[in-house]
Amino acid sequence: MDNDLVFDLQNVSFAYEGGQAALDSVSLKVKAGERLAVLGSNGSGKSTLLKLLDGLYFATAGEVRAFGAPLTEEAFQDEPFNFAFRRRVGLVFQDTDVQLFSPSVWDEIAFAPLQMEMAREEVESRVNTALAALRIEKLRDRAPHRLSGGEKRRVALASVLSLGPEVWLMDEPTTGLDPRSQAWLVDFIIEQGRTGKSVITATHDLGIVELIADRVCVFDEGHHLMADGTPKEILSDETLLLASNLIHEHRHAHEAEIAEHMHHHIHVVPQEHGH
Amino acid sequence: MDSLPKLTSTRKRRNVVERTLADLSHTMEQSLFAEELARQKGLLQSLDPRVKVLGILALLLAVSLSRSLAVIAGLYVVALLLAWASSIPMGFFIKRVWLLLPFFTGMIALPAFFITPGPPLVQLPLGLVITRTGAQTALFLLLRVSTSVSLAILLVLTTPWNGVLKALSVLRVPDAFILILGMTYRYIYLLLHTTNDMFLSRQSRIIGRMSTADERRMIAATAGTLLSKSLHLSSEVYLAMQSRGFRGHPRTMDTFRMRPRDWLWGGALVLAAALAVWLGR
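Basis of the calculations
- Each chain carries its own residue numbering, running from 1 in the written order of its sequence.
- Each chain gets a letter, beginning with A, and each ligand a number, beginning with 1, in the order they are written.
- Local features in this predicted model are restricted to residues whose pLDDT is 70 or higher, and side-chain atom pairs enter the listing and the counts only when it is 80 or higher, whereas totals over whole chains, interfaces and linings include all residues.
- Calculated side-chain values reflect all of the structure's heavy atoms, with hydrogen atoms and water omitted.
- Strands here mean DSSP runs of E at least two residues long; helices mean DSSP runs of H or I at least four residues long; both are numbered from the N terminus.
- Based on C-alpha atoms, the radius of gyration is set beside the globule rule, defined as 2.2 Å times the residue count to the power 0.38.
- Any two residues whose heavy atoms approach within 4.5 Å are treated as being in contact.
- Residue-level accessible areas treat just the shown protein chains as cover; the underlying method is Shrake-Rupley with a 1.4 Å probe.
- The classification of residues rests on relative accessible area computed with a 1.4 Å probe and restricted to protein chains. Under 20% of the type maximum is buried, over 50% is exposed, and intermediate values are partly exposed.
- Each polar contact in these results corresponds to two N or O atoms within 3.5 Å; when the atoms are within protein, one needs to be able to donate a hydrogen and the other to accept it, and residues that are neighboring in sequence are counted only if both atoms are side-chain atoms.
- If DSSP finds at least two bridges between two strands, the strands pair.
- Each axis is a line fitted through C-alpha atoms, and for a helix only the stretch in contact is used; angles between axes span 0 to 180 degrees, taken between their N-to-C directions.
- Buried area: the accessible surface (1.4 Å probe) lost by two parts on joining, summed over both.
- We count a salt bridge whenever a side-chain nitrogen from Lys or Arg sits within 4 Å of a carboxyl oxygen from Asp or Glu.
- Following the grouping adopted for this structure description, the nonpolar residues are Ala, Val, Leu, Ile, Met, Phe, Trp, Tyr, Cys and Pro, the charged ones are Asp, Glu, Lys and Arg, and the polar ones are all others, Gly among them.
- Every angle not falling under 35 degrees, over 145, or within 65 to 115 is termed oblique; those three ranges are roughly parallel, roughly antiparallel and roughly perpendicular.
- Crossings are classed by handedness, with left-handed meaning an anticlockwise turn of the near helix from the far one by less than a right angle and right-handed meaning a clockwise turn.
- Note that domain bounds follow an automatic or database assignment of domains.
- Ring pairs are drawn from Phe, Tyr and Trp, using the six-membered ring of Trp, whenever the two centres fall within 6.5 Å, and their geometry is named by plane angle: stacked under 30 degrees, edge-to-face over 60, tilted for the rest.
- Consider the ring centre and the ring normal. A charge sits over the ring if Lys NZ or Arg CZ is within 6 Å of that centre and within 35 degrees of that normal.

**Student:** How would you sum up the overall build of chain B? Please name residues and give values.
**Tutor:** Scanning chain B from N- to C-terminus turns up ten helices and two strands. Listed by position from the N terminus, the elements making up chain B come as α-α-α-α-α-β-β-α-α-α-α-α. Relative to a compact globule of 281 residues, whose C-alpha radius of gyration would be 19 Å, chain B shows 25 Å and is clearly more extended. In chain B, the share of contacts with a sequence separation of at least 24, taken over all contacts with a separation of at least 6, comes to 75%. As displayed, chain B has an accessible area near 16600 Å², and 68% of this comes from carbon and sulfur atoms.

**Student:** Can you explain the side chain of A:Ser41? Please cite residues and give values.
**Tutor:** Residues and elements named next belong to chain A. Looking at the secondary structure, you find serine 41 in the loop between β3 (35-39) and α1 (46-53). Judged by its relative accessible area of 8%, serine 41 is buried. Each residue touching serine 41, except ones within four places of it in the same chain, is listed here: Lys46, Phe219, Glu221, Ser244, Asn245 and Leu246.

**Student:** So what about the environment of A:Glu108? Which residues, and what values?
**Tutor:** As for its placement among the helices and strands, A:Glu108 is situated in helix α5 (residues 105-115). Each C-alpha atom, one on A:Glu108 and one on A:Thr96, is 12 Å from the other, the two residues being twelve residues apart in sequence. Not counting the four nearest positions on each side in its chain, A:Glu108 is found in contact with A:Gln99, A:Leu100, A:Phe101, A:Ser102, A:Val155, A:Ser159 and B:Arg244. Looking at A:Glu108, its side chain comes within polar contact range of the main-chain nitrogen of A:Phe101, at 2.9 Å.

**Student:** So what about the sheet that holds strand β1 (residues 5-15) of chain A? Which residues, and what values?
**Tutor:** Residue and element names in this part refer to chain A. If you trace the four strands from one edge of the open sheet to the other, you get β2-β1-β4-β5, paired in antiparallel fashion. Looking at strand neighbours, the two that pair on one side only are β2 (21-31) and β5 (69-70), the edges of this open sheet. Pairing of β1 with β2 involves seven bridges; the strand directions are antiparallel. By the bridge assignment for β2, leucine 5 is matched with lysine 31. Sitting on the sheet, α1 touches β1, β2 and β4 (61-66), and the angle it makes with β1 is about 125 degrees.

**Student:** If you had to explain unusual backbone geometry to someone new, which residues and values would you point to?
**Tutor:** Residue and element names in this part refer to chain A. Even without a glycine there, the phi angle at asparagine 11 is positive, about 45 degrees. The residue asparagine 11 is located in strand β1 in this model. A residue is classified by how much of its surface remains accessible, and asparagine 11, at 45% relative accessible area, is partly exposed. Not every positive phi belongs to a glycine, and histidine 223 is a case in point at roughly 65 degrees. Tracing the backbone shows histidine 223 in the loop between β9 (215-219) and β10 (225-229). Of the residues examined, histidine 223 reaches a relative accessible area of 15% and is grouped as buried.

**Student:** Outline the interface of chain A and chain B, listing residues and values.
**Tutor:** Contact with chain A, which involves 37 residues of that partner, is made by 35 residues of chain B. Considering only the side of chain A, the residues that lose the most area to chain B are A:Phe101, A:His145 and A:Arg146, jointly responsible for 21% of the buried surface there. Where chain A packs against chain B, one counts seven salt bridges. Among the ionic pairs, B:Lys166 bridges to A:Asp107, the shortest N-O distance being 2.4 Å. Seen at the junction of chain A and chain B, the total is eleven residue pairs in polar contact (both at pLDDT 80 or more). The set of elements that each furnish at least two residues to the side of chain A that touches chain B consists of α3 (79-88), β6 (89-92), α4 (96-99), α5 and α6 (120-133) of chain A. With seven residues, α5(A) is the single largest residue contributor to the side of chain A that touches chain B. For the side of chain A that touches chain B, the per-class residue count stands at 17 nonpolar, seven polar and 13 charged.

**Student:** Let's hear about the pairing of β9(A): which residues, and what values?
**Tutor:** On any regular strand, side chains alternate: one points to one face of the sheet, the next to the other face. All names here are of chain A. In terms of residue burial, β9 counts as a mostly covered element, since five of its five residues are buried. Residues Arg215, Cys217 and Phe219 of β9 are buried on one face, and the alternating residues Val216 and Val218, pointing to the opposite face, are buried as well. As defined by bridge partners, β3 adjoins β9 across four bridges and the pair is classed as parallel. When the sheet's bridge partners are listed, alanine 37 is paired in β9 with valine 216. Bridging between β9 and β10 involves four bridges; their strand directions are antiparallel. Within the sheet, the bridge partner assigned to phenylalanine 219 lies in β10 and is leucine 225. Where β9 folds back onto β10 in an antiparallel hairpin, the turn is made up of five residues, including histidine 223, whose phi is positive at roughly 65 degrees.

**Student:** With reference to specific residues and values, describe the packing of helix α7 (residues 149-161) of chain A against helix α8 (residues 179-194) of chain A.
**Tutor:** Packed helices, taken two at a time, are described by the angle between their axes plus the distance between the axes. Residue and element names in this part refer to chain A. The N-to-C vectors of α7 and α8 enclose an angle of 15 degrees; their axes lie 10 Å apart at closest approach. Our classification of the angle between α7 and α8 gives roughly parallel. Crossing handedness for the pair α7 and α8: left-handed. From α7, Gly150, Arg153, Arg154, Leu157 and Leu161 reach across to α8, where they touch Ser181, Trp184, Leu185, Phe188 and Gln192. Here the residues of the contact of α7 with α8 sort into five nonpolar, three polar and two charged.

**Student:** Explain the domain arrangement of chain B residue by residue, including any values.
**Tutor:** Where interface size is given, it is often the accessible area lost as the parts come together that is meant. The domain boundaries assigned to chain B delineate domain 1 (45-159 + 262-281) and domain 2 (173-204 + 216-250). Taking only C-alpha atoms, the centre of domain 1 of chain B and the centre of domain 2 of chain B are 36 Å apart.

**Student:** Any chance you could break down the sheet that holds β3(A) for me, citing the residues and the numbers?
**Tutor:** Residue and element names in this part refer to chain A. Within the open sheet, the six strands sit side by side as β6-β7-β8-β3-β9-β10. Their pairing is mixed. The open sheet has two edge strands with one neighbour each: β6 and β10. Adjacent strand axes in the sheet meet at a mean angle of 15 degrees, parallel and antiparallel pairs treated alike. The pairing of β3 with strand β8 (residues 198-203) spans five bridges and is parallel. Within β8, the position partnered with leucine 39 by the bridge is threonine 203. α3 contacts β6 and β7 (167-171) of the sheet and is inclined by roughly 60 degrees relative to β6.

**Student:** Explain the environment of A:Gly207 to me, and be specific about the residues and the numbers.
**Tutor:** Looking at where A:Gly207 falls in the secondary structure, it is placed in helix α9 (residues 206-212). C-alpha of A:Gly207 to C-alpha of A:Val186: the two residues are 21 residues apart in sequence and 11 Å apart in space.

**Student:** Outline the packing of aromatic side chains, listing residues and values.
**Tutor:** With the rule as written, the count across this model stands at 15 aromatic pairs over all chains. For the pair A:Tyr16 and A:Tyr57, a centre-to-centre distance of 5.7 Å together with 90 degrees between the ring planes defines the contact as edge-to-face. You can see A:Tyr16 sitting in the loop between β1 and β2 and its partner A:Tyr57 sitting in the loop between α1 and β4, a full 41 residues away along the chain. Given the relative accessible area of 16%, A:Tyr57 is considered buried. Directly above the ring of B:Tyr189 sits A:Arg146, whose terminal nitrogen or CZ lies 5.7 Å from the centroid. Taking NZ or CZ as reference, B:Arg186 lies 4.5 Å from the ring centre of B:Tyr187, over its face.

Set out below in structure tokens:
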């Protein structure tokens, strides 16, 4: 048994009720401290994979193991196992309106520590640390539905940060963010990786991949894992990116002139946009 | 460039989309206004929500138990003074209660003027007589309801809704119930915004008037979409809760802290309520 493995997936398939396939025979190993980007177009199964890794969905075929133990519905019935797993793995949902279900920012950030039965002082200290780390102290009594997109994303991250997980699962974290918030979020992911946390990010934002990941997995529209390599290898393989629908041929303006020919390229780094 | 044709007539009756949009934005404005009031500096805003819930509950009980019109009127004056000390615009506070009152309580109180037996007070045409006992009964009802509603509005306008919910724990309301109420409150606004967007996108594509049948079809379709969206949302939210350790038994915590002035004002409100019950016995 490889001790530094966080996740080990062997021929994992998943289908929703009604038979709609979301993942087909996926095998994947993730080591502790690894920064992995999961790429794929809409509907390729990225979100489903993250929910399987977080023990929210369970494989319909194959096996998912986390920290050496199988993730099954029966395993999560066991309170100590559930408790220990949830403390170690945190998922940031794509839709912040799903993630932020509490009536105030303070309640949202305190939710996880409270469910973990931490003492009152511990809960307060964790909430205050998370508020300060994400610079959202001023929002503590605000209602989530009154926040801007960027503020909601910060609160969503704080709600997981207060748990102090060693594995971060992030589902399309840059969706709907303005360039400044995107750059800030990339810094946050880099910082988590620097402190030895494992960070698995599902995205189709190719511009941030090299910054947030040391390894990239690509899913195709048939819900298969079609490639696994370094960001450099994957991003330079145009045939692969075209086949997985991550880039497309198009026409647009270069220096005020519309290109005459169909071409494709990757748009990189939100703030230093240029090509 | 061609200019747009001039407006030839103004439509007198707004269609269902416009009416719904107006109602939705009115509701959202109202909630924003109430939230701003709750964040203003004022007497009740500065008190611990638990003190407010218990104090106002005591005053509500006093309103119900008191058998003297003068004492209930006195409690209404207390509500007005509390509103004034909490920087609530008085015109808004009074109108909010008294404009709605005739429609609800007024309808119930009206027959009491005439059908309650007792010594006649005013003789009206068509042989109608307002009796002294009838007038007293109707006045009791109107004053009791208006004072109670004023007190309840006072609590809601000076406390963020989340604070009101959490304060319910002092009344031994179970945590699960408080959590569900809190989530309901939070998601009403999301669904309100979704509905608003759906109607706005519909409005941008409507030309001319819709037939009543089309309006009905559109409303049914909107309700259906909203229902399926909220179902999807609820299952996703449950997953998000599970992901952060929820195992069916919610644990909540408040950050309330009682200060000397909270004790002082809490005591004063309960004392005022007790005095009102004694005076109006």
